[in-house]
Each structure stands twice: as C-alpha cells, then as structure tokens.
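Examining the three-dimensional arrangement
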Amino acid sequence: MEINTLKVESSLWIGNKRYRAALSAWYFSWTELDKKNREKKTVSVRVSEVIGVEDGRVEIQPQKKVEDTDRDFTLFYVKRSGRGSGQGVLWSLGRTQFSCPSRDLRDQWVTQVRTALKTHSPARPHRLLVFINPFGGKRRGKQIFHSLVAPLFELAGISSHVVVTERANQARDHILKKDLTGFDGVVCVGGDGMFSELLHGVIGRTQQEAGLSEHDPSGVLQPCDLHIGIIPAGSTDCVCFATVGVNDPVTSALHIIIGDSQPLDVCAVHHQSSLVRYSVSLVGYGFYGDVLAESERHRWMGPLRYDYSGCMMYLCNRSYQGTVQFLLADPGLSSPRDKTRCLSGCRVCSESTERLFPLSDSCSLYSDKLSQYSDQSEGEWMSVSGRFKCISLTCMSSSCPKSPLGLSPSAHLADGTGDLILVRDTNALGFLTYLHRHTTSQDQFDLPFVEVHRVKAVKFTLPPGEDSGEAEKYERSEQNTEEEEEEAVMEHPDKPCVHESSKSGSLQHLACTAKERGAPGKRKTSDFLCGLCCSKPPAVSVWNCDGEILPHTEISCRVHGQLVRLYARGIEDEARAVGLCEDSRDCKGKCVLHSR
Ligand SMILES: Nc1ncnc2c1ncn2[C@@H]1O[C@H](COP(=O)(O)OP(=O)(O)OP(=O)(O)O)[C@@H](O)[C@H]1O
Ligand SMILES: CCCCCCCCCCCCC/C=C/[C@@H](O)[C@H](CO)NC(=O)CCCCC
Ligand SMILES: [Ca+2]
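Residues numbered from 1 in each chain as written. Chains lettered and ligands numbered in written order. Predicted model: local features only at pLDDT ≥ 70, side-chain atom pairs only at ≥ 80, totals over all residues. Heavy atoms only, no water.

**What about the environment of Tyr-567?**
- Relative to the assigned elements, Tyr-567 resides in the loop between β24 (555–566) and α17 (574–577).
- With sequence-adjacent residues up to four places away left out, Tyr-567 is seen in contact with Pro-125, Leu-128, Asp-184, Gly-185, His-227, Ile-228, Gly-229, His-255, Ile-256, Gly-259 and Asp-260. (Helix = DSSP H or I, 4+ residues; strand = E, 2+ residues; numbered from the N terminus. Contact = heavy atoms within 4.5 Å.)

**Here's the deal with the site of ligand 2**
- Among the 17 residues in the neighbourhood of ligand 2, the closest are listed as Asp-192, Ser-281, Tyr-306, Asn-544 and Asp-546.
- Take Asp-192: an N or O atom from its side chain is 2.6 Å from an oxygen atom of ligand 2.
- Taking Asn-544, its side chain carries an N or O atom lying 2.8 Å from an oxygen atom of ligand 2.
- Surface burial for ligand 2 is 86%, taken as the share of its 700 Å² of free accessible area covered by protein chains.
- In the shell around ligand 2, the residues fall into 8 nonpolar, 7 polar and 2 charged.
- Looking at which domains feed residues into the shell around ligand 2, each of domain 2 (126–260) and domain 3 (266–478 + 492–559) gives three or more. (Near = heavy atom within 4 Å. Polar contact = N/O pair within 3.5 Å; in protein donor to acceptor, adjacent residues only side chain to side chain. Areas by Shrake-Rupley, 256 points an atom, 1.4 Å probe, with all protein chains shown as cover. Nonpolar A, V, L, I, M, F, W, Y, C, P; charged D, E, K, R; others polar. Domains from an automatic or database assignment.)

**Overview of the packing of aromatic side chains**
- Applying the stated criterion to the full structure yields 15 aromatic pairs.
- A ring pair is formed by Phe-28 and Trp-30, whose centres lie 5.5 Å apart and whose planes are at 80°; its orientation type is edge-to-face. Each member of the pair Phe-28 and Trp-30 is classed as buried.
- Measuring from ring centre to ring centre gives 5.4 Å for Phe-460 and Trp-543, while their planes differ by 80°; the resulting arrangement is edge-to-face. On the criterion of sequence distance, the pair formed by Phe-460 in strand β21 (residues 450–461) and Trp-543 in strand β22 (residues 543–545) is long-range, its members being 83 residues apart.
- In textbook terms, an aromatic cluster arises when at least three aromatic residues are bridged by ring pairs, as seen for Phe-28, Trp-30, Phe-73, Tyr-77, Phe-98 and Trp-109.
- Its guanidinium or amino end placed over the ring of Phe-431, Lys-389 lies 5.2 Å from that ring's centre, counting from NZ or CZ. (Phe/Tyr/Trp six-rings, centres within 6.5 Å; stacked < 30°, edge-to-face > 60°. Buried < 20%, exposed > 50% of the residue type's maximum accessible area, 1.4 Å probe, protein only. Lys NZ or Arg CZ within 6 Å of the ring centre and 35° of its normal.)

**Observations concerning the site of ligand 1**
- Looking at ligand 1, there are 20 residues lining it, with Thr-165, Gly-193, Glu-197, Ser-235 and Tyr-306 nearest.
- In this structure, a nitrogen atom belonging to ligand 1 sits 2.8 Å away from a side-chain N or O atom of Thr-165.
- One nitrogen or oxygen atom from the side chain of Tyr-306 is found 2.5 Å from an oxygen atom belonging to ligand 1.
- In the complex, the protein chains occlude 86% of the 620 Å² of accessible area that ligand 1 would expose alone.

Structure below.
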C-alpha cells in the first residue's frame with residue numbers, strides 16, 4: 001500500500017473479483033482487474049459523497065447488521081438512482097464491501113478514508129437540532145425520521161437532538177430563545193409550514209445576535225450561518241422540491257450529511273414599518289390567497305384540501321383591483337423569460353454571490369452586505385394598476401409535484417431577485433389555460449393577460465376609496481354568505497347570480513337565480529358552489545405567504561439575496577452531476593457550492 005498525503009492505493013477484493021483501489025483527496029475509486037491484471041471498468045466515488053466507512057461487513061437496511069470479519073471494511077456513499085418523479089436526481093445509500101489481504105491493511109484503509117473525510121469534506125454537520133411535526137402532511141413525520149433518516153445520521157456519526165413539536169411555532173420559538181451552542185444546523189421533518197418556522201427562527205436569531213432590527217423595510221439583514229435542512233413530510237414540500245428537485249427523505253438526509261450548502265433568497269414582507277413575515281416560495285394575492293383561505297376550512301382533507309379548494313376558487317372566477325409597484329432588477333443579468341433553469345452550480349447565482357458579497361470572507365459578510373444597498377441607486381419604481389386574477393412574487397421557481405417547473409421556471413434560488421407575475425383579469429378559459437400550463441412545459445407567460453418581471457422589491461396598494469380592506473374584512477365577507485343569500489332570495493327572487501352578471505360571464509353553467517338556488521338551509525349539495533361563489537364577491541383578497549394568510553393587504557416586499565443557507569445543492573442535472581465542482585480546483589472556489 002502506498003500512502004502519502006494525497007494517495008492510498010492497493011489491491012482489494014469485492015466478492016471473488018480483484019480490484020485496484022485508490023483513494024485521493026477527491027475520489028475513492030476501484031478498477032476491476034482481469035486474470036492478466038488488465039484493467040476493466042472503474043467505479044469512482046467522490047470523497048465529498050462518502051457517507052461513512054465501517055470495519056467488517058455491515059448492512060444498515062432493513063436493519064443494522066455487522067459481521068465483524070477482520071480483513072473487511074464497508075464503504076457507504078451517495079448513489080444516484082434515477083430521476084424519481086421530479087426534475088432532480090434521487091439519491092440512495094450505496095454500499096460496497098471490500099476484503100483486504102491483511103487486517104493491518106484494512107485498518108489503514110479505514111483510517112485513511114476517515115482522515116480524507118475530515119480533511120477534504122470539512123463542511124459536514126456533527127450535531128443537528130431536529131424538529132418533527134407529527135401532524136404535517138400525512139402525519140408520517142416521526143416514522144419517516146426514525147426509519148429512514150436516523151439510521152443514516154448515525155452511520156455518518158451525526159448526533160441529533162430531536163424535538164417532536166406539541167404546538168405550532170414551537171420550533172421557531174426554540175430557535176429564537178434556546179441555547180444553540182454546538183449545533184451546526186437545524187432540520188425540520190414536515191412541510192413548508194415547518195420550514196417557515198425554522199426560517200423565521202434562524203433569521204430572527206441571527207438579527208438579534210447582530211443587533212439589527214427586522215422592522216425597517218429598507219434595512220439590511222445579516223446573512224445566517226446556521227444551516228437549515230428539510231426532510232420532506234408535508235403536503236406540498238415546495239421548498240424541498242425546488243431546492244433538491246425531488247421530495248424524498250433519503251435524498252434530503254444524504255444532502256444534509258455531506259454538508260451541501262445552497263444559499264437562498266428571502267423576501268421580507270412589511271406592512272408600514274413592521275415586519276409581517278419572510279417568504280421564499282410565494283407571496284400571492286387573489287387566486288392563491290383565496291385557495292389558501294378556502295383550504296384552511298378543509299384541513300381535515302389533508303393534502304387534498306388544496307386540490308379541492310383550487311377547483312372551488314377557480315369556479316368562483318374572482319378578480320381584484322389594486323396597484324402593484326415594483327423595482328426592476330438589472331435586466332442585463334438574467335430574465336424570467338430567458339428559458340434557462342437554475343441548476344446545481346448555477347452561473348447566475350455564483351456571479352450574484354460575487355455581486356452581493358464583493359471580496360467576501362466569512363468574517364466580513366455584514367459589512368459586505370451593506371454594499372448591496374449603499375453602492376447601488378435603487379432604480380425607478382414601475383407601476384401597474386388594474387384588476388388581477390392573481391399577483392404572485394416568488395424568490396425561486398417554486399416547483400412542486402403539482403407543477404414540476406414551477407410558478408416561474410427560470411427563477412434563480414440565489415440571485416438576489418424575485419419574479420413578479422401579474423395575471424390580469426381574464427375569462428375563465430384564459431385563466432384555466434394559465435393554470436394548466438403550470439403542469440406542462442408550455443410557457444405560462446406567453447399569454448396576453450400575463451406579465452412577468454424580475455424584481456428587487458414590490459409594493460401593493462388598494463385602489464383609492466377602497467377602505468383599509470385588511471384580512472379580517474375578507475373573513476367577514478366570507479362569513480356573511482348565508483345572511484346575504486337569504487336576503488337575496490327574499491328581496492330579489494329573480495336576480496341573476498353574481499357570476500351571470502359579472503363582466504366575463506363565462507361561467508354560464510353556474511348561472512342561476514336566487515330563487516332557483518333556494519334559501520341556504522334548503523339547499524342541495526349541488527347548490528353548494530353557488531353558495532360559495534354567488535354571494536357578493538369580496539372586493540379584497542388575502543395574501544398567501546408561503547402557506548400562511550397575512551393579516552394585512554397593503555404590503556411592501558424586498559428580496560434579501562442569499563439570506564439563508566440550506567443543506568442542498570440546487571437541482572442536479574444528471575449530465576452535469578458527474579464531475580461538477582466536487583473538485584474546487586475546477587471551479588476555483590467560484591461555484592455556488594464552494595464560494596463561501
Ligand atoms: N405539534 C403541532 N401541532 C399543531 N401544529 C403544528 C405542530 N407542529 C407544527 N405545527 C404547524 O403546522 C403547520 C403545518 O405543518 P407542516 O408544514 O409540517 O405540514 P403540512 O401539512 O405540509 O402543511 P403545509 O401546507 O404548510 O405544507 C405549520 O405551519 C406548523 O407551524
Ligand atoms: C388545471 C390544472 C391546474 C393546476 C394548477 C397548478 C398550479 C400549481 C402552482 C404551484 C404553486 C405553488 C406555490 C407554493 C406555495 C407554497 O408556498 C404554499 C405552502 O406549501 N402552498 C400553498 O399555499 C398551497 C396553495 C397551492 C395552490 C395550488
Ligand atoms: Ca431569486
């Protein structure tokens with residue numbers, strides 16, 4: 001066996017075949033040798049993707065089994081096992097059992113692999129704080145963690161402190177208030193709502209520690225060092241899907257173990273001079289706000305509540321008035337219609353790191369971050385007024401299983417911008433076409449009533465004369481339905497329903513008179529939809545902020561570039577996954593994985 005700082009090499013056996021195995025700073029590879037010592041095919045595993053090495057013949061699935069033979073060792077590593085249902089690559093645990101000519105040689109291999117991991121894959125977490133929402137998604141969070149994730153963490157030598165939540169916001173409050181010394185990252189087992197708790201906890205705590213206020217709408221925020229990991233176990237799991245490419249607990253656990261690091265833009269939403277919430281995937285008014293508000297009434301349906309409420313709200317065919325002002329991002333850098341995809345190692349995001357944190361090193365991030373705002377003139381605010389079916393702002397593609405390319409397929413995870421999508425009022429068929437294109441590869445922006453802008457900031461105001469219209473007013477108007485309907489039957493028995501008289505007039509199948517609909521108490525199930533849609537439609541919708549209803553209608557949003565970091569690497573393009581930036585000599589530290 002030759003050993004120097006970079007290379008270990010010897011003959012090893014896998015089963016009854018002989019191999020030449022070599023370990024360098026970057027790869028563990030083994031090449032089959034035929035009887036005449038001629039080399040056949042080579043398997044290479046990146047050191048950065050080795051999960052662990054154990055003495056003996058070890059299996060961990062379906063349960064841990066160790067056969068302690070003194071010349072054997074088992075190597076565990078990331079194995080790419082196809083595409084899954086998403087855009088990204090599914091990972092599983094690869095395992096190869098090697099036999100050495102002597103015990104001594106076996107010990108040297110095991111020691112050298114462990115040393116290589118420490119030296120050449122230093123960003124791995126050692127200690128994690130894990131929050132499990134036992135009620136998220138299909139309520140399988142605890143089972144997913146204990147059966148699929150915990151054994152992998154154990155194999156990789158990660159110790160985890162597990163908190164099974166007993167109430168909403170427990171994870172956020174824990175991160176904000178408790179001692180986190182020794183933790184390298186926080187992990188949620190749940191859906192987008194749980195991720196949002198961790199996001200708020202991590203950003204809030206980082207600002208507290210930096211002595212910064214989160215309430216100033218034009219204030220600068222300190223980027224967060226504590227990484228966030230997501231084990232998907234929720235209803236939509238949009239953040240996981242858009243940053244990993246698949247919703248798969250094992251794939252996500254492996255990204256966490258190897259310490260992948262994906263920066264993420266975050267949008268801060270303010271009302272006047274107070275922070276309302278942070279968002280990464282959707283700040284949406286109109287359709288997406290209405291779907292969320294309606295879905296909250298059907299939580300018992302589980303993940304299906306969004307499909308049900310989506311259909312209902314589509315049939316209601318609502319639109320809302322307002323003014324959207326926005327600050328455009330530099331159009332020379334990228335465009336929401338440039339048909340590119342933000343993939344692992346994305347050039348646009350890498351260049352944004354240099355722009356957002358010029359000359360950055362880990363100690364001077366805050367002062368560098370200041371330059372984001374002080375060096376640049378803000379540019380000119382644009383303004384669009386009118387009636388909209390929906391207004392959406394997303395800092396990333398927001399792809400999810402329902403929409404594999406997402407709300408904005410060319411959006412970037414870490415470029416310091418968001419995409420603003422304005423869908424003007426249109427007929428029901430037009431809006432259906434827009435929605436349907438989210439499920440295909442057809443361009444949803446190539447419609448005359450849709451516009452999309454890459455922006456740094458957005459403000460929304462109601463039309464003059466529309467009173468405050470805060471979210472509770474929306475709630476009231478929804479609750480008034482029955483009384484209003486009763487009145488309609490008594491006073492105007494032949495008055496057409498709102499949709500029949502609405503200007504689009506496109507939902508003729510729903511058209512009915514108040515008398516035909518009947519008094520609320522006497523309605524048949526088939527009348528339900530008219531009950532939902534035919535009361536006076538609210539003039540004001542609500543904002544959906546990553547699955548939470550905001551308590552204000554007039555808001556301002558600002559994108560904070562690369563404010564947090566996830567244990568992820570963006571969506572891997574299978575072709576580029578091989579040989580991409582596992583070696584920082586290739587990227588010269590410039591790619592998004594190695595730049596900080
Ligand atoms: N123990 C708990 N009891 C009740 N609610 C909780 C608990 N733990 C977390 N929550 C809240 O439940 C909400 C939904 O959780 P989660 O995101 O995990 O699941 P989900 O069903 O996928 O929902 P979403 O639609 O937000 O993706 C979160 O906003 C979180 O704050
Ligand atoms: C004819 C077929 C029509 C199909 C239409 C599909 C359109 C899909 C667009 C997907 C947009 C996802 C945006 C992400 C939102 C999440 O932050 C949030 C929290 O999980 N989810 C919702 O609010 C849940 C709200 C989901 C609304 C659909
Ligand atoms: Ca972005």
